[in-house]
Protein chains: 2
Amino acid sequence: MTNVLPTGATIGILGGGQLGRMLSVAASRLGFKTCIFEPNGDCPASHVANYHFKASYDDEAALKSFAAAVDVVTYEFENVPTSALDLIESIVPIRPNRRTLAVSQDRMSEKAFLSELGLMVAPYGAVEDAESLAAAIAQVGTPAILKTRRFGYDGKGQSRLMSPNDATQALADMAGADAVLEGFVDFSHEISVIAARGQAGDISCYDPGENVHLNGILHTTTVPARLTPAQRTDAVLIAAKILNALDYVGVMGVELFVTKEGLIVNEIAPRVHNSGHWTQNGCTIDQFEQHIRAVVGWPLGDGTRHSNVEMLNLIGDDVDRIADFAKGGSAGIHLYGKADVKAGRKMGHINTITGAA
Amino acid sequence: MTNVLPTGATIGILGGGQLGRMLSVAASRLGFKTCIFEPNGDCPASHVANYHFKASYDDEAALKSFAAAVDVVTYEFENVPTSALDLIESIVPIRPNRRTLAVSQDRMSEKAFLSELGLMVAPYGAVEDAESLAAAIAQVGTPAILKTRRFGYDGKGQSRLMSPNDATQALADMAGADAVLEGFVDFSHEISVIAARGQAGDISCYDPGENVHLNGILHTTTVPARLTPAQRTDAVLIAAKILNALDYVGVMGVELFVTKEGLIVNEIAPRVHNSGHWTQNGCTIDQFEQHIRAVVGWPLGDGTRHSNVEMLNLIGDDVDRIADFAKGGSAGIHLYGKADVKAGRKMGHINTITGAA
């Protein structure tokens, strides 16, 4: 059953970074107001949202006021504290749903969920201490990557083991946090599917993009990705299986490794995704509008792609190159309005059109 | 000489309607902040701008605070009171420039300016009273349209004369305002050129769109317009001549009648224009971003069009059809967030992609 919000309704967004900023803009295009909940002032989303609750996630009064001020809540990151979600959900619906958050907040839960669906994932093992790490190495082999189970992003909370000798250092890097050891996958390239599911159960996927990472951070996404027609079909079927199993509502980023044995799920992100930014200049309805459409109960856009795109992330002082990109005169420029340039910080992205679709 | 604003600078916008709203969104995309000056609360632009000065145009203290808070000022409508502009310009630059506003605020000045440039305009005569109206009718003929010299838009402040017998009623319709009588032009269709000029004098024009009006309000713009290659060239040359003569900086809408004798200038609008809304879904860099680029001193976008578009205005309760448009799944939907639906009020627009360019 769909629950359609009337135009003019207010969408609450947890998190005020660039994803919240671009979600706010998309919501405004469809006539909705937005209200950001974000502890930091002068955050990217606050520049374009109607309202900004500047409060911490343990401020119950602020959370209650926020929930009462909006008609639905969505989020731009998956690590919202459970207590905050409980309080919000007692007042207003949260989309995508809580189960998805529970699954994706913990790398072990996520891998177990995907495996139970019959999807391929990298070999993995739970790690709490030296003993379980040794067991995981025996099972998974090296090279491998040790990752914290929670709160990791953009390569943070990760440590590489080239051989069992690196175990002690890797465990120390986790600083006592529960972790998961992931075996290396022999993949030719990584792709991602930006998939959406509406409240009526309708599913729409954008064409997969091909991702290149640099220093653990997404560097470029190129559309179309190098895929056979069969791989393309598989990618969509995998994404649809995940969304349906979670009774998902909204946009999800599904990262897949392309291997000789088939597509292996790397990870899922229950939100709009950096590897879907190309849709802003490649499609009439971009991933941000698609997410808003799902959250407010509209029918999904059909995902039609009119152009081939290469998306380039501007990390840290890459943003100094903006004058050069502007001179070109044909690239889609997207800056996040962050006041301070820091190494490793996502400052913006460039969508270069490489031809008609 | 160009005066490039650094990213993060604040752009002041006079007027908080839908044009200010879409300018604000474009500015945010390039990393700029926006500050709206608009007497009405809950106006469309206030939903997406960083700041909103809710004050009247004769509130000197508010105008001064506004001007001091921003790095440059632009506007979404041409009828800003002169006293407000004088005060603002004593503090911060206004782009497009004052001369353009002076010319375009008064239909007589505009027609004199265009005629002096050697461009064709409809036959016209100044009207202050019954005597000058009679003289204008003798010169221009009927049918003709009597229009107030100032503050007219969307067919407001206009009265049609089918014969000299309508003179008394038409003059009464002006309610004492100075007016201009315009002779009818025998045109096949109306087009508009959305033209931009940067601070370095660079000019970029979007492909002309073909306009259809309904009840004096723009109904549809279709791109490409029906034009011969020679007419296309003429349209661009006419627009460039106007922009250069005014040392213009920003986007201008130039409405042209297509006639057997050539292109006749209907009117110019020194701002982003309703007939350029198709660029949001037809081009990588739309008219709103193009205007912001000019105002902040960036190089212009090249105006490349990737798709053919039909733009449909949603007037009054047309907006009730949104559910139908949403169902289609491929149209670009743009709503302005206006709380009250009123007859004749622009509530939003739909950009339907009709094919690759």
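Located above this text is the structure these notes cover.
Below is a short write-up of the structure.

The rules behind these values
Residues numbered from 1 in each chain as written. Chains lettered and ligands numbered in written order. Predicted model: local features only at pLDDT ≥ 70, side-chain atom pairs only at ≥ 80, totals over all residues. Heavy atoms only, no water. Contact = heavy atoms within 4.5 Å. Buried area = accessible area lost by both parts, 1.4 Å probe. Salt bridge = Lys/Arg side-chain N within 4 Å of Asp/Glu carboxyl O. Polar contact = N/O pair within 3.5 Å; in protein donor to acceptor, adjacent residues only side chain to side chain. Helix = DSSP H or I, 4+ residues; strand = E, 2+ residues; numbered from the N terminus. Nonpolar A, V, L, I, M, F, W, Y, C, P; charged D, E, K, R; others polar. Pairing = 2+ DSSP bridges. Axes fitted to C-alpha atoms, helices over the stretch in contact; angles between N-to-C directions. Disulfide = S-S within 2.5 Å. Buried < 20%, exposed > 50% of the residue type's maximum accessible area, 1.4 Å probe, protein only. Arc of directions from axis to C-beta. Parallel < 35°, antiparallel > 145°, perpendicular 65-115°, else oblique. Left-handed = near helix turned anticlockwise from the far one by under 90°. Patch = residues over 30% accessible without salt bridge, like charges linked within 9 Å, V, L, I, M, F, W, Y side chains within 5 Å. Areas by Shrake-Rupley, 256 points an atom, 1.4 Å probe, with all protein chains shown as cover. Lys, Arg positive; Asp, Glu negative; His and termini not counted. Charge placed at Lys NZ, Arg CZ, Asp CG, Glu CD. Phe/Tyr/Trp six-rings, centres within 6.5 Å; stacked < 30°, edge-to-face > 60°. Least-squares fit on C-alpha atoms with pLDDT ≥ 70 in both.

**Some details on the interface of chain B and chain A**
Argument step 1. The partner chain A presents 36 residues to the 36 residues of chain B that form the contact.
Argument step 2. Approximately 2800 Å² of surface area, both sides summed, lies buried where chain B meets chain A, with 54% of it carried by carbon and sulfur atoms.
Argument step 3. The shortest N-O distance in the salt bridge between K33(B) and D42(A) comes to 2.9 Å.
Argument step 4. Taken together, chain B and chain A are joined by 11 residue pairs in polar contact (both at pLDDT 80 or more).
Argument step 5. Elements with a minimum of two residues in the side of chain B that touches chain A: α1 (18-29), α11 (322-328) and β16 (332-335) of chain B.
Argument step 6. Taken together, the residues of the side of chain B that touches chain A sort by class into 14 nonpolar, 15 polar and 7 charged.

**A short note on the sheet that holds strand β5 (residues 124-127) of chain B**
Residue and element names in this part refer to chain B.
Argument step 1. With respect to topology, 4 strands assemble into an open sheet ordered β5-β8-β6-β7, the strand pairing being antiparallel. In this open sheet, the two edge strands, each paired with only one partner strand, are β5 and β7 (158-161). The sheet shows a mean angle of 25 degrees between the axes of neighbouring strands, direction not considered.
Argument step 2. Both strand β6 (residues 144-148) and strand β8 (residues 179-183) contribute to a ladder of 5 bridges, which runs antiparallel. Bridge assignment links I145 to a residue of β8, and that residue is E182.
Argument step 3. Sheet strands touched by helix α5 (residues 107-116): β5, β6, β7 and β8. Its angle to β5, the strand with the most contacts, is close to 150 degrees.
Argument step 4. Together, β5, β6, β7 and β8 form the strand contacts of helix α6 (residues 130-140), whose direction differs from that of β5 by roughly 175 degrees.

**Regarding the state of the cysteines**
All names here are of chain A.
Argument step 1. Using the criterion set out here, one finds 0 disulfides over all chains in the structure.
Argument step 2. Between C43, a cysteine without a disulfide, and C35, which holds the nearest cysteine sulfur, the sulfur-to-sulfur distance is 11 Å.
Argument step 3. In this structure C43 comes out as buried when scored by relative accessible area, which is 5%.

**Quick word on helix α2 (residues 60-69) of chain A**
All names here are of chain A.
Argument step 1. Considered for burial, the residues of α2 that qualify are A62, L63, F66 and A67. The buried residues of α2 occupy an angular sector of 130 degrees when projected down its axis, which confines them to one face. When the buried face of α2 is taken as reference, the exposed residues oriented beyond 90 degrees from it are E60, A61 and A68.
Argument step 2. Those residues of α2 hidden inside the fold are in contact with β1 (10-14), β2 (33-37), β3 (51-53), β4 (72-75) and α3 (82-89).
Argument step 3. In this structure D59 caps α2, since a side-chain oxygen of it lies 3.3 Å from the backbone nitrogen of A61.

**Focus: the packing of helix α1 (residues 18-29) of chain A against α1(B)**
Argument step 1. Contact pair α1(A) / α1(B): the axes reach a minimum separation of 11 Å and the direction vectors enclose 160 degrees. Regarding the angle of α1(A) to α1(B), the classification is roughly antiparallel. Where α1(A) crosses over α1(B), the handedness of that crossing is left-handed. Together, R21(A), V25(A), S28(A) and R29(A) of α1(A) and R21(B), V25(B) and S28(B) of α1(B) make up the contact between the two elements.

**Digging into a negative patch on the surface**
Argument step 1. Together, E128(A), D129(A), E131(A) and D178(A) make up a negatively charged patch on the protein surface.
Argument step 2. Along the chain, the position of E131(A) falls in helix α6 (residues 130-140).

**Looking at the packing of α1(B) against helix α10 (residues 287-296) of chain B**
Residue and element names in this part refer to chain B.
Argument step 1. Running from N to C, α1 and α10 cross one another at 65 degrees; their axes reach a closest spacing of 8 Å. By the criterion of interaxial angle, the relationship of α1 to α10 is roughly perpendicular. As for the relative orientation of α1 and α10, their crossing is right-handed in sense. Residues L19, M22, L23, A26, A27 and R29 of α1 touch α10, and the partners they reach there are F288, E289, H291 and I292.
Argument step 2. Of the residues in the contact of α1 with α10, the class split is 7 nonpolar, 1 polar and 2 charged.

**Section: the sheet that holds β4(A)**
Residue and element names in this part refer to chain A.
Argument step 1. Across the sheet, 4 strands lie side by side as β3-β2-β1-β4; this open sheet has parallel pairing. Bordering the open sheet on either side are β3 and β4, each of which pairs with just one other strand. The mean inter-strand angle of the sheet, taken between neighbouring strand axes irrespective of direction, is 25 degrees.
Argument step 2. Here 4 bridges tie β1 to β4, and the two strands are oriented parallel to one another. Bridge assignment links L14 to a residue of β4, and that residue is Y75.
Argument step 3. The sheet strands contacting α2 are β1, β2, β3 and β4, and the helix crosses β2 at an angle near 165 degrees.

**Some thoughts on the pattern of salt bridges**
Argument step 1. Taken as a whole and assessed by the stated rule, the structure comprises 30 salt bridges over all chains.
Argument step 2. Between R107(A) and E267(A) there is a salt bridge, and its shortest N-O distance comes to 3.1 Å. Of the two residues, R107(A) is situated in helix α5 (residues 107-116) and E267(A) in strand β14 (residues 262-269); the sequence distance between them amounts to 160 residues.
Argument step 3. Between D286(B) and R29(B) there is a salt bridge, and its shortest N-O distance comes to 3.6 Å. One end of the pair, D286(B), is in the loop between α9 (279-282) and α10; the other, R29(B), is in helix α1, and 257 residues separate them in sequence.
Argument step 4. A network of salt bridges, in which partner residues are shared, links R29(A), D286(A), E289(A) and R293(A).

**Comments concerning the packing of aromatic side chains**
Residue and element names in this part refer to chain B.
Argument step 1. The tally for this structure, following the rule as stated, stands at 14 aromatic pairs over all chains.
Argument step 2. Pairing F53 with F66 gives two aromatic rings, centres 5.8 Å apart and planes at 80 degrees, and the pair type is edge-to-face. Taken as a pair, F53 in strand β3 (residues 51-53) and F66 in helix α2 (residues 60-69) lie far apart in primary sequence, 13 residues in all.
Argument step 3. F53 sits in the partly exposed class, given a relative accessible area of 22%.

**Considerations on unusual backbone geometry**
Most peptide bonds take the trans form, and the phi angle of most residues other than glycine is negative.
Residue and element names in this part refer to chain A.
Argument step 1. A cis geometry characterises the amide bond from R95 onward to P96, with omega recorded as -5 degrees.
Argument step 2. If you trace the backbone, P96 turns up in the loop between α3 and α4 (98-104).
Argument step 3. We note that D42 has phi near 45 degrees; this positive angle belongs to a residue other than glycine.
Argument step 4. Tracing the backbone through its elements, the reader meets D42 in the loop between β2 and β3.
Argument step 5. Here N215, not a glycine, exhibits a phi torsion of approximately 55 degrees, which is positive.
Argument step 6. Secondary-structure assignment places N215 in the loop between β11 (209-214) and β12 (217-223).

**Structural notes on the relation of the copies chain B and chain A**
Argument step 1. With an axial shift of 0.0 Å and an RMSD of 0.0 Å, the rotation relating chain B to chain A amounts to 180 degrees. With respect to symmetry, the two chain copies, as superposed, fit the operation of a two-fold axis. By C-alpha distance to the rotation axis, the residue of chain B lying nearest is V48(B), at 2.1 Å.
Argument step 2. Most of the interface of chain B is mirrored in chain A, where 100% of its interface residues are also at the interface.

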